[in-house]
Every structure is written in structure tokens, then in C-alpha cells.
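So the chains spell out like this:
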Amino acid sequence: MTVRELRATLSAHALVVLVCVFSALPVVWAVSTSFKGPAAIFAPDLVPADPTLDNYRATLATFPVARLVLNTGAVAAAVAALQLLLAVLAAYGLVRFRFRGGPVVLTALAAAIIVPQQCLIVPNYLLAAQMGWIDTYVGLAAPQLAGCALGVLLLHQHVRAFPRSLLDAAQIDGAGHATVLWRIVVPNLRPVLVALAVLFFITSWNEYLWPLLVASGTERATVQVGLQAFQTEQGNDWGRMMAAAVLVTAPVLLAYGLAQRWIVAAFVQGTGR
Amino acid sequence: MSAVPRVGARLLGVVKRYGTTGVLDGLDLEVPEGAFMVLVGPSGCGKTTCLRLLAGLEHPDGGRVEIAGRDVSREPARDRDVAMVFQDFALYPHMTVEANVAFGLRLRSRRRRAGSPDAPEIDRRVADALRLLELDGLERRRPAQLSGGQRQRVALARAIVRRPRLFLLDEPLSNLDAQLRGQTRAELVRLHRRLSATMLYVTHDQVEALSMASRMAVMDRGAVLQVGSPREVYERPATVFVARFVGSPPMNVHALTDRPGFTPPVGPRSAQVGWRPPHGQLSAGWAAAGRDGLRLSGRLDTAELLGEDLLLGVAGPWGRAGLLHPAGAPHPAPGEPVEVHVPRDRLHWFDDSGTRVGHGGPAPPPVDRPARAGGAPSGP
Amino acid sequence: MTSTTTAAPPGADRGSGARPAGTGAALPWLHVAPALGVVVLWVYLPLLATLALSFFRWNLTGDERPFVGLDNYAALLGDPAFARAAGNTLIYALGLLPLAVLLPLAVAILVWNRGGRLRQAYRTILFAPVILPPVVGAVMWQWLLHPLLGVVNLALGGIGVGPQNWLGDRDLAIWSVIVVTGWKVFGLGFLIFSAALSGLERNQIEAARVDGATEGEITRAIVLPLLTPTILLMTFLTVTLGAQWAFSAVHVLTQGGPAGATDNLYYLLYRYAFGYFDTGTASALAVLVFAGFAVLALAQLRLTDRLGHDR
């Protein structure tokens, strides 16, 4: 490697590391702050001089971390699973059966993706209220299912590219449509479906506006709504605030740390070509 | 061959359109029971559509599809008791070899059809099929871990394990390399004999048709042009198209002309005359044949070595022709004038529309009996 | 799956012709109905309801709901908050471009080109903010940007710059929110560009390298042109969705303040609907936002289509 090349590589790494610092700083600083006592909180030390667990003790006493994480995770898992199911069925139906109305359905689903959520919240809230779904898991999850439209669009491409002879062979082997779909098509689209499931889960996990409206009570609150409520209560106790933020972040980051190779690869490969 | 073979499968006046373009328009085709029938034609001629209609993967817009004497036109593929081997083999990538072969049987037994085998019976039949195709030991592999030839045999095993009434094979050899293709042709014929099953084999390769078929049908543009034994089709092609399509190098066909260098035989004749490349002789034969037959004079254009023989290309004002010539024998150099002679009894006669009217001479037989045409002894 | 146990109608398969009369015409609809149902129920019907509600005055719960024609629209257009929010929406859309498109593109190319063994580690760190719930990120940033105790001001103090009121200053606040939003979406752009890069044919790049091109020349002459469709896509997404992405950050950090400096149309809509409970005006705003959004999206789609085809 020439000196010039080495310098280019080093400066490239320097820039990327700088951006990494930018990306990681909020979390790192939150962790640092969460271990600082009231006196040390003003100190700009990254590693607390006198680390304490007081913030965590105090926070855990009033902040229902487990409840929030479970609420959010359960809803996100259910939403992702259902969205995947709806998307698989619809994509298969649109490709496998050529029927009048199919193209219109596809266009309607595609157009729905770009409608801003904020434009729909008033009627959706009214509908959820009418159904008695305010402060329920069903109310939290139901409107999110409309996000399956994106999945239909993505899967449509993959189902269409599915080798026709495999479908024919399965039919001749005696498979009906259900068998073809679940035993031939789905197993062979697994990488795409995994990527889509991850995408759906993250999207639902990060959903904010709708939970804010329908899950303001602590029973059903999601991570974000709960944290925001905690912030309103706690005012300026930044040590506790950061402890709470770290507590709700930890499960996500842990899961991400364990599966990151996989999640990133699902995106890079699943959408790359 | 018995006089009236039982019918294994039949298309009757079948009409099939895609959108507004018709692919088949009133097509009839019979596959005798127990036959190894090869349906051959150029790509896009509708042969694969015929296969898919019999399989139940497509349904006719008109006419009937019968299997073993029963009208199955409206039955889905899974109720027809047919098996199919696909060009790309269509093995399920996520299943092992064993699961691929057993898939159809397991689906059937799960639905508890009458006569469907139980689990131990399935295992036994799968093992038999794998052994028959020399796949034992590969049961746990997935298709991606197999060679092309192995995949092809798994596809065959998947078909035979079901013991279907009808086997459909869609160009199953076209994805194999040349050497393997040759071997597999013989194996398929052996397999057919052993199973004594009815098979319909679709290909665009006339060599496969001639070498494997017990009966063959030639298709072009959605119509069956000729059905017969390979020998019949080769020796008495029903049309100019069949004559040129079957046999390699292809038959030479000339429209009768007054151009210099073209001397047709005296006596009865019709609009077009054809001859196969092995039957042309360089000038020497002219006098010996009693000046009866077709005489062409032109220049030698090309000489391609085919092994034992050379394929000589001759060009003249009347057109072009190819003839085989022993590779060791002397022949003119390219550019030199040559004379070609074809004995009268080697000539095939066709009318303006390309329909066969006769074979050799001296008297072309009546036009309405083309299949049995020809007073002269047929070729070798 | 009720649909899946019914017998398959042979004619229903793609590419096949005559369908046996009376069988299975419903089968395709059974497959698409669930997806179509939720989309109609939660997108299209609400869209129509919004249009209807925009002609009434209503407070979301009251019994009185008089028809007021276009009054809500008139009131909205006369509200200075609307003009300010509209202007800010544009600032969000364009202001996010460097953090959502340019920087991710540059970093993705650097990591792809020279990341070496650290490539996977970089990807893991850079994508992490995407999976962090936005409110959590915003709360963390709120602490970083705290006017008195925030580490940003402490660090700036170290190099002699006085403390800034990042979220309270009228001129600074919107840019602070943009940075916080950009921090969150940077990883998404980075990953999409990484995906596009990993899909490139190495042959072309290696051919250029054999021809003696430098890395810079290769990037300019080969990589960037090949990435054009992806760059256009990310630009399209950012311009169209930028102000929506900022929603959580605005709500947590500034609630649209100070004095509307960080407001945007989506946040204004939320405030009309669930702050002032002015359902009619909120609906009128939703209709206007949707119309503007649709026009913008269509225009951009056409533009990216044309630009994409030129390449």
C-alpha cells in the first residue's frame, strides 16, 4: 500500500468513526448520565467518577419498564405477524390468479402507502372510539395493519419472479392452492419474509402518534408514550430520565446486538437486488 | 403393433387461445396406451401447450381432453393422475431428495384418497424409485447439492413413484450436456419399457424424436402435420415442413424450375421435389442410373466434415443443396463445377402447398392417400 | 385460512383460459380481501371521512356539529400559524437532505470502499439509531442539548463558544430538530445505499481499476451514475416524508415552539385535532396536506422517472 493510499484509507476511517460517534453519542451519554449522582450530573466526564445505581432504583420504583417493553413488543410482534400474513396472501392472490380487478387492487394498495398518517388520525380515532378500542391492544394494533400494503408491493415482485415450473410441479403432485402457497412458495421466500418481518416489527415498535392517542393510560402504554409521560412527571431529574431511557433501550439494543448481523444482512441482501 | 391400440390420452378438436392469439385451433392428438410418443416441433408450435392441456395446467377454450377414455377437460391437475418432468426439473429447492420424491404421495395420502398408500408403503415406493434411478445414498441431499444428471433423475423418480396413468415429459434433456443427453436417451427408453407406461415426450430436437419414440407426431404452428412411427415419418414425410424438420442434415426440396442446371426426371411429376443428402451422388452415377432421376449442376460451395462423411454444399442458379460424400473419397475443390444425381426412387414429390403426393416414380399415386404413397420401394 | 381448503378451480390459474362456470370466482378475492379490507377501513374510508368532516365545525365530542361549508378552509388560510408551518415543512424537507442523503451516501461509499474488516462493525453502529424508538432518541438528545447542563454546550464552552439555547432559540431550534431527526434517519439512508452498493457489479469497477482509474475517478465515473436511481429514491423519500419523520422530535423537544419556530403542517394538524380539539379545521388541514402531498409525490415520481431513464 502506498503512502497516499494509506493516508486516504486513514482519513476515510477517521470520517466514518466521527459519524459513528455522532450516531452513538446520545446512547453513550445517556448511559453515562444514568450512573451519575445528583452532584456529578454537571460533570462532563464520560466515565462517572463515583458511579451509583440510585437513579435506576428510583426509576424502577415508579416507571413500569417491563410493562412498557412487553406492551410494545407484543403489539409489534402481533402487528408484524399479521401484516406478513395479509401481505403473503394478497401478493400470492394477485400474482397467481389473474382476475379482473387485480390491477386496481394493486394500485389501491400502492397508493395507500403514501397517504400521510396524520391525515387519517381524526377519523381513525373516532372509529377506534366507536368500537370501544381506546386503551386496548386491539385498538393499538388494528390501524397499523394497513401497513401491510408495503409488504404486498414488495412481495408481489418476488412472487411474480417465482419459478413457474415449481408451481406447476406442485399442482401436478396434487397440491391445492393452500399447499402451493404454504409449502412451496413461502419456504422458498424465507429470506425476503424475514427481512419484511424485521421491517414491520421495527416500524411498529417505533410507532408513536397512534399509541399517543389510544394508549395514554399506563396499562397499555408503549415504550415511547410511557417515557414521555415519565418525562412530564419527572421534570428535570435527568439522572432518572436517562436511567429510564436506558432501561427501555436496553432490550432493543440487546436484541439488535444479538441479531444485528442478521438484521443488517436481511436489509442489505433482501433489498439490494 | 396391434391394429387398434387402446387410447392412453387424447386431445379432441382442442382450441386454445391466449388473449386474442390462437395457439391451437381444433387440434386432434392421440397417445396410444403404452406408447412412448414424442411430440416434436419448432419452439412456439404449441407442443408444450398440448402437454400442459393434458397435465391440467391449462384448460381448453374448446374441444375435449381425455385420459384413459374419460373426459378430464375441466379437472384440475391434481385429479388427473398424471406426472410431469419439467425442462428445468422443477425440484423443490427447500426439500431433500427424499421429500421431493415423496411429496405427491404424501399429499395424496393426507387427503385419504381411495387407494392412496400409507406411510410405510410410501417409504417403500420412494426407496424403490430412488434405487431404480440409482439415487440411493442421496436421499438427504438438497437439489442444490446435486449434479445436473442427478437432478434430472430425481425429477424422473418423482414422476415414476406416483405410478401415474400418463407421463408427460417437457424437454427433460435440454438442460443436460451433450454426452449425458445421449446416455439419458437410452435410459429413458429402457425405463419406458420397464414401466410399460404411457409417455408423451415433448421436444424440439428431432434426433430425440427419431431415436426414442415408438410413435411420433410433428407439429408446426398449432397443427399436427404427421403422426407415425419414426421410420414412417422419416421415410415418407407428409409435408415439406416435416421433410425438412426431421432428419439431419435436412432434406433438400426444390421447386421445379427451368433455370439452367436443373434437370428433373421425365414422366409424371409435381410442383416440388425433395431428396435426402445421403441419396445424392456426384456426377459419376448419372450414366449408371440410366439417366433417370434428378440432375443438378452447379459449383461446390462448402465442404464440412461430419466424421465419416463430408457434407458438400452445392450452389447453382436453381438454388442450393447438400449431399453426403464419403470423407475419404476424392471430390472437387470448392469453386469447381459439380454435377449431382439423385436416383428416381429416392425422390419425394410434393404439391404446391407442400403436401406429399408421392415417392420416387414412375407414377405419382393419387393425392388423397398421401400416407401410403409411393409405388417404388422406400428408402434404406 | 378459509380460502385455502376450497377446491382449486382449474380455470383460475394464470394464463389459462375458460373458467368453469360458477366455481371459484371468489377465490382470488378471498386472498386479497384481508389486506384490501384493512387498507380500505383504515386509509380510504378515513380519507373520505376527513373530507366530510372538513365541512363541519365540531369539537370531537360535542353533539353540535353545524355544517359550515368552506369556513374551516378560510379560517385555516387566514391563520398565520398555517403559513409558518407550511414554510417550515419546506425547510424540514430540504434541510434534511444533507443528513438523510448526502452524508449517508458518502459514508456508505467510504465504508464499502475502505471499510475492510471494520465494515460490519460500522454498519452495526450506524444503523442502531434507526431501531431506537424516536422518543427515546429525542429524550436523549434533549439532555445533550440542555442549555445549562448539556454536554454539547459544555464541549463548546471548552473551546470558548458561549452556551447556546439550542431548542429555545427561534433561529436555532428548527435546525436542532433537523439534526436530531437526521441522526435518526441517517442510518436508513446509509443502509439503503450500502444495499445498492453491494448489488453493483464488481466487474465494471475492476475493469476501471485495471484501466488505471483512481478511487475518486471510479466513484465519480462509475459508482455514482450506477447509484443514481437509489439517490433519487432517497431524495424523493426525504423531500416527501422529511417533515413527518420530524414529528416525534418536535413533539418531545419543542411542541412546535418557540413561537411556532419548529412547527410544521403535520404537527399543526395534530395540535388542531388533539390540542385544540378543532376537528373541522384539523380535517380541512388534512385535506389540504393530502392534496399537496399527492401533487408533490406525483410530480416527484414523474421527475425521478425521467431522470432515472436518462441514465
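Now for a quick tour of the structure. Numbers given for residues are sequential positions, taken from 1 along each chain in its written order. To read the labels, note that chains go from A and ligands from 1, taken in the order they are written. A pLDDT threshold of at least 70 governs which residues receive local features in this predicted model, and a stricter bar of 80 or more applies before side-chain atom pairs are shown or counted, although totals over entire chains, interfaces and linings include all residues. To get the side-chain values, all heavy atoms of the structure are used, and hydrogens and water are removed first.

## Here we look at the overall build of chain C
Secondary structure follows DSSP: runs of H or I at least 4 residues long count as helices, runs of E at least 2 residues long count as strands, and numbering of each begins at the N terminus. Within chain C, the secondary structure is distributed over 13 helices and 0 strands. Written out in order from the N terminus, the α and β elements of chain C read α-α-α-α-α-α-α-α-α-α-α-α-α. Relative to its length of 311 residues, chain C is extended, with a C-alpha radius of gyration of 25 Å against a globular reference of 19 Å. Summarising its shape, the C-alpha atoms of chain C cover approximately 75 × 60 × 35 Å along the three principal directions. Here the radius of gyration uses the C-alpha set of atoms, whereas the globule reference equals 2.2 Å times the residue count to the power 0.38.

## A word on the overall build of chain B
Helix and strand content of chain B: 9 helices and 20 strands. Expressed as lengths along the three principal axes of its C-alpha atoms, the size of chain B is roughly 75 × 45 × 40 Å. Burial analysis of chain B (380 residues in total) assigns 51% to the buried set. Accessible surface, chain B as shown: approximately 16800 Å² in total, 50% of it carbon and sulfur. If the 51 positive side-chain charges of chain B are averaged to one point and the 41 negative ones to another, these points end up 4 Å apart. In this scheme, a residue with accessible area under 20% of its type's maximum is buried, one over 50% is exposed, and one in between is partly exposed, where area comes from a 1.4 Å probe on protein chains only. Per-residue and other accessible areas follow the Shrake-Rupley method at a 1.4 Å probe size, with only the shown protein chains counted as cover for residues. Under this rule, positive means Lys or Arg and negative means Asp or Glu; His and the chain ends count for nothing. Where a charge lies is defined by one atom per residue type, namely NZ (Lys), CZ (Arg), CG (Asp) and CD (Glu).

## Thoughts on the sheet that holds strand E11 (residues 252-255) of chain B
All names here are of chain B. Spatially, 4 strands are ordered E11-E13-E19-E20 in an open sheet, and the strand pairing comes out antiparallel. Among the strands making up the open sheet, the edge pair consists of E11 and strand E20 (356-359). For this sheet, the mean angle separating the axes of adjacent strands, direction not counted, is 25°. Criterion used throughout: strands pair if DSSP finds at least two bridges between them. With 4 bridges joining them, E11 and strand E13 (residues 272-275) adopt antiparallel strand pairing. Its bridge partner being in E13, His-254 is matched across the sheet by Val-273. A fitted line through C-alpha atoms represents every axis, and for helices the fit uses only the stretch in contact; the resulting angles, taken between N-to-C directions, go from 0 to 180 degrees.

## Overview of the nonpolar core
One broad trend across soluble globular proteins is that nonpolar side chains are buried collectively. The definition of a nonpolar core used throughout is a set of buried Ala, Val, Leu, Ile, Met, Phe, Trp, Tyr and Cys residues joined through side-chain atoms within 4.5 Å. With 103 residues, the main nonpolar core has Leu227(A), Phe274(C) and Leu285(C) as its most contacted residues. Considering each element in turn, this core owes the most residues, 12 residues, to helix H13 (residues 238-270) of chain A. Taken domain by domain, the makeup of this core includes at least three residues from each of domain 1 (3-52) and domain 2 (59-270) of chain A. Not counting residues up to four positions away in its chain, the partners in contact with Leu285(C) are Leu76(C), Phe82(C), Leu265(C), Leu268(C), Leu269(C) and Tyr272(C). Counting 88 residues, the second largest nonpolar core, distinct from the first, contains Leu120(A), Cys148(A), Val202(B) and Leu27(C). As annotated, the domain borders come from an automatic or database domain assignment. Here, two residues are considered to be in contact whenever any of their heavy atoms come within 4.5 Å of each other.

## Brief notes about helix H5 (residues 178-195) of chain B
Every α-helix winds through 3.6 residues per turn, so residues three or four apart in the chain are directed the same way. Residues and elements named next belong to chain B. Multiplying 1.5 Å by the residue count of a helix minus one yields the expected span of that helix. Along its 18 residues, H5 runs 26 Å from first to last C-alpha, staying within 8% of the 26 Å computed at 1.5 Å per residue. All buried positions along H5 are accounted for by Thr-184, Leu-188, Leu-191 and His-192. Where H5 is buried, its residues contact strand E3 (36-40), helix H3 (119-132), helix H4 (148-160), strand E7 (166-170), strand E8 (198-203) and helix H6 (206-212). Among the residues trailing H5, Ser-196 stands out with phi positive, at a value near 40°.

## Overview of helix H2 (residues 54-62) of chain A
Residues and elements named next belong to chain A. Within H2 the residues assigned to the buried category are Asn-55, Tyr-56 and Thr-59. One side of H2 carries all its buried residues, which in axial view fall inside an arc of 95°. Exposed side chains of H2 directed beyond 90 degrees from the buried face belong to Arg-57 and Ala-61. The directions from the helix axis to the C-beta atoms form the arc being described.

## Side note on the interface of chain C and chain A
Many authors give the size of an interface as the accessible area that is lost as the parts come together. Each side of the interface is counted separately: chain C has 89 residues, and chain A has 99 residues. Between chain C and chain A lies a buried interface of about 8700 Å² when both sides are counted; carbon and sulfur atoms form 77% of it. When a carboxyl oxygen of Asp or Glu lies within 4 Å of a side-chain nitrogen of Lys or Arg, that pair is called a salt bridge. Counting every contact that joins chain C to chain A gives 0 salt bridges. Two N or O atoms count as a polar contact when they lie within 3.5 Å, although within protein this holds only if one can serve as hydrogen donor and the other as acceptor, and sequence-adjacent residues are included solely when both atoms are side-chain atoms. Summed over the shared surface of chain C and chain A, the result is 15 residue pairs in polar contact (both at pLDDT 80 or more). A per-element tally of the side of chain C that touches chain A places helix H1 (residues 27-53) of chain C first, with 19 residues. Within the side of chain C that touches chain A, the residues separate by chemical class into 67 nonpolar, 16 polar and 6 charged. By buried area we mean how much accessible surface two parts lose on assembly, using a 1.4 Å probe and totalling the loss over both. Under the scheme applied here, ten amino acids are nonpolar (Ala, Val, Leu, Ile, Met, Phe, Trp, Tyr, Cys and Pro), four are charged (Asp, Glu, Lys and Arg), and all others, including Gly, are polar.

## Examining the pairing of E3(B)
Residue and element names in this part refer to chain B. Here E3 lies mainly inside the structure; 5 of its 5 residues are buried. What you see with E3 is no split at all: Phe-36, Val-38 and Val-40 on one side and Met-37 and Leu-39 on the other are buried throughout. Pairing of E3 with E8 involves 5 bridges; the strand directions are parallel. Looking across to E8, one finds that Val-40 is bridged to Thr-203. Note: E3 against strand E9 (residues 215-220), 4 bridges, orientation parallel. Directly across from Leu-39, in E9, lies its bridge partner Ala-217.

## Topic: the packing of helix H4 (residues 97-114) of chain C against helix H10 (residues 215-245) of chain C
Residue and element names in this part refer to chain C. Packing of H4 against H10 leaves a shortest axis separation of 10 Å and a crossing angle of 145°. By crossing handedness, the relation of H4 to H10 is classed as right-handed. In this structure, H4 contributes Leu-97, Ala-100, Val-101, Leu-105, Ile-109, Trp-112, Asn-113 and Arg-114 to the contact, and H10 contributes Glu-215, Thr-219, Val-223, Leu-224, Leu-227, Ile-231, Met-234, Thr-235, Thr-238 and Val-239. Counted by class, the contact of H4 with H10 contains 12 nonpolar, 4 polar and 2 charged residues. Should the near helix be turned counterclockwise from the far one by less than a right angle, the crossing is left-handed, whereas a clockwise turn marks it as right-handed.

## A short note on the sheet that holds strand E6 (residues 82-85) of chain B
Residue and element names in this part refer to chain B. A sheet is described by the order of its strands in space; here 6 strands give the open sequence E6-E7-E8-E3-E9-E10, paired in mixed fashion. Both outer strands of the open sheet, E6 and strand E10 (223-228), are each paired with one neighbouring strand and no more. The sheet shows a mean angle of 20° between the axes of neighbouring strands, direction not considered. Direction of pairing for E6 relative to E7: parallel, over a ladder of 4 bridges. Bridging across to E7, Val-82 finds its partner in Leu-166.

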